[in-house]
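Single-letter residue listing:
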Amino acid sequence: MPSISQIQKDAAVERETWQHPNYKLSDLKLESSVGSIDGSQIAWLKPLPADASGEEILRELETKGVAHVKGVMPREYVLDMRRKWFEQVAPSGVLKEGTDPVDGIYCGKEDTTEFLGPEGAAFIKGPREENAHFMLATEAHSAPWAREFAENQYLVNAAKRIHPQWKDPFCMRRQIFRSNLPFAKGTATGVHYDHIFLRGGPPTFLTAWVPIGDCNPNQGGLMYLEDTLEMAAQGFLSRDAVGYAREVGGGRRWLIGDYEAGDAVFHHSFMIHASGRNVDPEGRIRLSADLRFADRAAAYDRRWDK
Ligand SMILES: O=C(O)CCC(=O)C(=O)O
Ligand SMILES: [Fe+2]
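Reading the values: rules and limits
Residues numbered from 1 in each chain as written. Chains lettered and ligands numbered in written order. Predicted model: local features only at pLDDT ≥ 70, side-chain atom pairs only at ≥ 80, totals over all residues. Helix = DSSP H or I, 4+ residues; strand = E, 2+ residues; numbered from the N terminus. Rg over C-alpha atoms; globule rule 2.2 N^0.38 Å. Buried ≥ 20, exposed ≤ 12 C-beta atoms within 10 Å, placed from the backbone. Contact = placed C-beta atoms within 7 Å. pLDDT = per-residue confidence, 0-100. Pairing = 2+ DSSP bridges. Axes fitted to C-alpha atoms, helices over the stretch in contact; angles between N-to-C directions. Near = placed C-beta within 6 Å. Nonpolar A, V, L, I, M, F, W, Y, C, P; charged D, E, K, R; others polar. Expected span 1.5 Å × (residues − 1). Arc of directions from axis to C-beta.

As recorded in an unreviewed UniProt entry, the chain goes by Phytanoyl-CoA dioxygenase and comes from Kwoniella newhampshirensis.

Rendered as structure tokens:
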């Protein structure tokens, strides 16, 4: 078995050669919450095909910290969830009039704080009970169709394939559905690694970040700081993705993806990540779920299963 540092060197070389057929890194104009991200500070997260073996996915997770797997769920199944979500929150006025809920086109209001969900509760002005979108999005979290999606067998089966030694894999109850509104100010997810939040158990849980709808590189999907599995223990994290990569990350790049409905991105709990700002010229809302899987038969952070 080659050493992790050798695997990371090989991965960096491989990243130089893999190109996306439709996007050129140097043409993308991505942003963090704080400023623009230059083409030299990003690279592609190379996706694994839908038929990748559990072993292959696990190897990526344990050596590179992240595995973007195509087509884990049927596309139509995921789009159906997207439609249900936006039909549920539509009475708040979040969608552009006359558009199809499945497209999730933002109404365009400059003050996006009217349309936050539980993930953005800290940014809401005034009483939460008076914020129609917040209330609808909060209710949606406990709707049967949302729970069903979070616990769907496609993802649980993927968790089983990745960790065949887990006796009883399950999805923890504290699931988060997040929107990333186009051109919102300062709401992109800051730089972190997940074990910061789930340190009440060992770092063995598996996160699946699931785009609910297509999420192309402009739509503020997750970005992973390359080869950072071993850095997390230092814990100098920041809201400034660009400054962080330069100053703390030793010039490491942010790995971005072209995510589609049906894909899942599995990441290690020490892998450093953030989200980009949604700068979609078509104004589509990025909707996603963060789901955590663990083995009920082993230790895990029980606070996240309430
Ligand atoms: O969706 C986001 O912007 C953040 C999600 C995240 O950090 C996670 O799933 O671990
Ligand atoms: Fe995270």
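Caption draft 1: Broad picture of the overall build of the chain. Each helix and strand in the chain was counted, giving seven helices and 12 strands. Taking 2.2 N^0.38 as the reference for a compact globule, 306 residues should give roughly 19 Å; the C-alpha atoms of the chain span a radius of gyration of 18 Å, in line with that estimate. Dimensions of the chain, computed from the C-alpha atoms along their principal axes, are close to 55 × 45 × 35 Å. Counting all 306 residues of the chain, 44% fall into the buried class. Pairs at least 24 apart in sequence give 77% of the contacts found in the chain among residues at least 6 apart.

Caption draft 2: View of the confidence of the model for the chain. Summarising the model, the chain shows a mean pLDDT of 90, and 95% of its residues fall at 70 or more. The least confident element of the chain, judged by mean pLDDT, is helix α7 (residues 241-247) at 72; the most confident is helix α3 (residues 75-89) at 98.

Caption draft 3: Main features of the pairing of strand β8 (residues 222-225). Judged by which residues are buried, β8 turns out to be covered on both faces: Leu222 and Tyr224 on one side and Met223 and Leu225 on the other are all buried. Here three bridges tie β8 to strand β11 (residues 273-275), and the two strands are oriented antiparallel to one another. Bridge pairing in β11 places Tyr224 opposite His273. Two elements, β8 and strand β9 (residues 254-256), share two bridges in a ladder whose sense is antiparallel. The residue bridging Leu225 from the neighbouring strand is Trp254, located in β9.

Caption draft 4: Spotlight on the sheet that holds strand β3 (residues 42-44). Taken together, the four strands give an open sheet; going across it, the order is β3-β9-β8-β11, and neighbouring strands pair in mixed fashion. Looking at strand neighbours, the two that pair on one side only are β3 and β11, the edges of this open sheet. This sheet shows a mean twist of 35 degrees between the axes of neighbouring strands, independent of strand direction. Inspection of the sheet shows β3 paired to β9 by three bridges, in the parallel sense. Across the sheet, the residue bridging to Ile42 is Trp254, located in β9.

Caption draft 5: Representation of the site of ligand 1 in the model. Residues in contact with ligand 1, as listed here, are Arg178, Thr189, Asp194, Thr207, Trp209, Leu222, His273, Ser275, Ser288 and Asp290. Secondary-structure elements contributing two or more residues to the shell around ligand 1 are β7 (206-211), β11 and β12 (286-295). Grouping the amino acids of the shell around ligand 1 by side-chain chemistry returns two nonpolar, five polar and three charged.

Caption draft 6: Local environment of the environment of Leu225. By the secondary structure assignment, Leu225 is in strand β8. On the neighbour-count criterion, Leu225 (25 C-beta atoms within 10 Å) is buried. Each C-alpha atom of the pair Leu225 and Trp254 lies 4.6 Å from the other, and the pair is 29 residues apart in sequence.

Caption draft 7: Representation of the environment of His195. If you trace the backbone, His195 turns up in the loop between β6 (176-180) and β7. Spatially, the C-alpha atom of His195 lies 5.1 Å from that of Ser269, the residues being 74 residues apart in sequence.

Caption draft 8: Summary view of unusual backbone geometry. Positive phi outside glycine occurs at Phe183, with the angle close to 60 degrees. Structurally, Phe183 can be placed in the loop between β6 and β7. Assessed through the 16 C-beta atoms surrounding it within 10 Å, Phe183 is described here as partly exposed. The phi dihedral of Asp227 is positive, around 50 degrees, even though this residue is not glycine.

Caption draft 9: A look at α3. Helix length check: α3 (15 residues) gives 22 Å between terminal C-alpha atoms against 21 Å at 1.5 Å per residue, within 8%. Val78, Met81, Arg82, Trp85, Phe86 and Val89 are the residues of α3 that are buried. The arc enclosing the buried residues of α3, seen along the axis, measures out at 125 degrees, which places them on a common side. The elements touched by buried residues of α3 are α4 (132-141), α5 (144-150), β6 and β12.

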